[in-house]
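Next come the chains, spelled out residue by residue.
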Amino acid sequence: MVTLYPEKLLNIITIDSLEDKLVDSFKKYGVSGYTIVRARGAGSSGLQADMSGFDANILVKVILPEDRVQNLLDSLERKIRKGYHLTVFVHDVQVMRPEKFNTPWHE
Amino acid sequence: MSSLNNLLLPAVLFFALGFIARLIKSDLRFPPDLAKVLSIYLLMAIGLHGGYELAKADLMMALTSIMWALILGFSLPIAGYLGLLLTGKVNPMDAAAISAHYGSVSAGTFLTAIAYLDNISVEYETYPLIMLAVMESPAIIVGLILAVKARHTLAAKEGSSSSEDKAQMADDDDENNSGFGALLREAFTNGSVVVLTGSMIIGAISAPSGMAKLEPFIDEIFMGVLCLFLFDMGMVAARRIGDFRQVGPVLALFGVVMPLFGGVVGAYVGANALGYGVGGTTLVAVLGASASYIAVPPAMRLAVPEANPSFYLTLSLGITFPFNVVVGIPLYHNLAQAIVA
């Protein structure tokens, strides 16, 4: 029987040009890693069709310990106040190796 | 007569085909990044070709062209900004973002103009190509300055409550957005500028024998790739025109009037200040008239998040680009003929 440990999964949907800024925040707030997939859809910013790359969205996934979530959320909140469109939602998830989510990634 | 010529250019017909395919809800889809791949090719090819020609050109003339490109690049967005504020239909943030698009240039429109001139066998100077590279960036900077100014004005209007916000923003993590030096770096290192300027330098310093081997890449397939590019862009434009209602008639009118204004200014600069012939003058008019849709939108999304992307994308991609490709280019050519003669 494999033991699972609780972590938080933070999801962010936003425009692709914001990727570098988000990654900078991740580094600053001690995120251990991230996954980004290209996305399209529709919502409060209208249709994001990703036609010829002109209005591409990204879906960003970050797993992190609960005690680090709030600082990162604060930084996202500041971006939203500046006018960036971000859809943010947090899941409770269970992971196999919690130590993976403690140390920041190397480049 | 000449406008009929333009409409019967294969590249323009493919633009129309893309537009129609979208309107009749065809399931035709290009890979998401195709337009970007093709525009890298187009900039490379035109850069190599132009650099090779420019190596033989007059340095003073090249420098004068650069100077006028900077003057146009810095002044056209300011004119656009004032024009937009006069309409009373947009807030200063949107006006700043939109005008940055109109001060910058569209390589797609420029290349269509070259195809048009080639088709009717009109000779043109190579200098406008340097102007194309130079004019990508200044308008981005002007747009950002106008947006910063508008942001301060809005913050002052909102009064004391915003000072707290400001303090919070000051400790934000994205310092790379705040420094003016960083903004300059972003404006001048954007992909199109690097590809075009780099290819021109390579074209200028390469051995002629090496350049001759590139002939099929630079010349022979060029028009075919341009067709493919405009085919794709026709679909993108048709998708954008759907947002027409959101933009409204006054702004849509701006999308036609502003290129005409920029075209006239560009034509006079080309003919009178730079002394180009009909071909070169047409190309400078096209530079003045065209609006960016590749370099500027991501820059504005990042730096002016308060502005509504539907406005600037619909105006530049859905209205001004098709207008220039179909109606504008022959018009600027006629204008150039009238002024130069």
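Scope of this entry: the structure provided in the associated data block. It should be emphasised that the depicted structure is a prediction, and the values quoted were computed from it without experimental measurement.

**Quick notes on the overall build of chain B**
Then step 1. Of the regular secondary structure elements, chain B holds 19 helices and zero strands.
Then step 2. In terms of overall size, chain B behaves like a compact globule, its C-alpha atoms giving a radius of gyration of 20 Å where 341 residues would be expected to give roughly 20 Å.
Then step 3. Across its three principal axes, chain B shows a C-alpha extent of roughly 65 × 45 × 40 Å.
Then step 4. Taken over 341 residues, chain B has a buried fraction of 53%.
Then step 5. A sequence separation of at least 24 residues applies to 89% of the contacts in chain B between residues at least 6 apart.
Then step 6. Element-wise, carbon and sulfur atoms account for 69% of the exposed surface of chain B, whose accessible area totals about 14000 Å².
Then step 7. Of the side chains in chain B, 16 bear a positive and 24 a negative charge, and the two mean positions are spaced by 8 Å.

**A few points about helix α2 (residues 66-82) of chain A**
All names here are of chain A.
Then step 1. Compared with an ideal rise of 1.5 Å per residue, which puts 17 residues at 24 Å, α2 spans 26 Å between its outermost C-alpha atoms and is within 8% of the ideal.
Then step 2. What α2 keeps buried is the set V69, L72, S75, L76, R78, K79 and K82.
Then step 3. The positive-phi residue at the C-terminal boundary of α2 is G83, with phi of around 115 degrees.

**Comments concerning a nonpolar patch on the surface**
Then step 1. The grouping of V2, L4 and M96 of chain A at the surface amounts to a nonpolar patch, some 300 Å² of accessible area in total.
Then step 2. On the basis of relative accessible area, M96 of chain A is assigned to the exposed category, the value being 55%.

**What to know about helix α19 (residues 309-340) of chain B**
Residues and elements named next belong to chain B.
Then step 1. For α19, which comprises 32 residues, the first-to-last C-alpha distance of 39 Å sits more than 12% below the rise-based estimate of 46 Å (1.5 Å per residue).
Then step 2. In the structure, α19 departs most strongly from a straight axis at G328, where the bend amounts to approximately 55 degrees and where the proline P330 lies between one and four residues downstream.
Then step 3. Capping the start of α19 is the job of one residue whose side-chain oxygen sits 2.9 Å from the backbone nitrogen of S310: N308.

**Looking at the pattern of salt bridges**
Then step 1. The full count for this structure, using the stated rule, is five salt bridges over all chains.
Then step 2. Measuring nitrogen to oxygen at the nearest pair gives 3.0 Å for the salt bridge that ties D33 of chain B to R38 of chain A. With D33 of chain B in the loop between α2 (10-23) and α3 (34-54) and R38 of chain A in strand β2 (residues 35-39), this pair bridges two chains.
Then step 3. Residue class for R38 of chain A comes out partly exposed when judged on its relative accessible area of 43%.
Then step 4. A salt bridge links E53 of chain B to K56 of chain B; its shortest N-O distance comes to 3.8 Å.

**Some thoughts on the packing of aromatic side chains**
Then step 1. Taken as a whole and assessed by the stated rule, the structure comprises 10 aromatic pairs over all chains.
Then step 2. Between the aromatic rings of F14 of chain B and F231 of chain B, the centroid separation amounts to 5.5 Å while the plane-to-plane angle is 50 degrees, which identifies the pairing as tilted. A residue pair is termed long-range when its members are at least 10 positions apart, and F14 of chain B in helix α2 and F231 of chain B in helix α14 (residues 222-241) qualify at 217 residues.
Then step 3. Arranged with centres 5.1 Å apart and planes meeting at 85 degrees, the rings of F30 of chain B and F231 of chain B form a pair that is edge-to-face. Here F30 of chain B is found in the loop between α2 and α3, whereas its partner F231 of chain B is found in helix α14, with 201 residues between them in sequence.
Then step 4. Members of the aromatic cluster, connected to one another through ring pairs, are F26, Y34 and W105 of chain A.

Rules of the game
Residues numbered from 1 in each chain as written. Chains lettered and ligands numbered in written order. Predicted model: local features only at pLDDT ≥ 70, side-chain atom pairs only at ≥ 80, totals over all residues. Heavy atoms only, no water. Helix = DSSP H or I, 4+ residues; strand = E, 2+ residues; numbered from the N terminus. Rg over C-alpha atoms; globule rule 2.2 N^0.38 Å. Buried < 20%, exposed > 50% of the residue type's maximum accessible area, 1.4 Å probe, protein only. Contact = heavy atoms within 4.5 Å. Areas by Shrake-Rupley, 256 points an atom, 1.4 Å probe, with all protein chains shown as cover. Lys, Arg positive; Asp, Glu negative; His and termini not counted. Charge placed at Lys NZ, Arg CZ, Asp CG, Glu CD. Expected span 1.5 Å × (residues − 1). Patch = residues over 30% accessible without salt bridge, like charges linked within 9 Å, V, L, I, M, F, W, Y side chains within 5 Å. Salt bridge = Lys/Arg side-chain N within 4 Å of Asp/Glu carboxyl O. Bend = angle between axes of the 7 residues up to and from the residue. Polar contact = N/O pair within 3.5 Å; in protein donor to acceptor, adjacent residues only side chain to side chain. Phe/Tyr/Trp six-rings, centres within 6.5 Å; stacked < 30°, edge-to-face > 60°.

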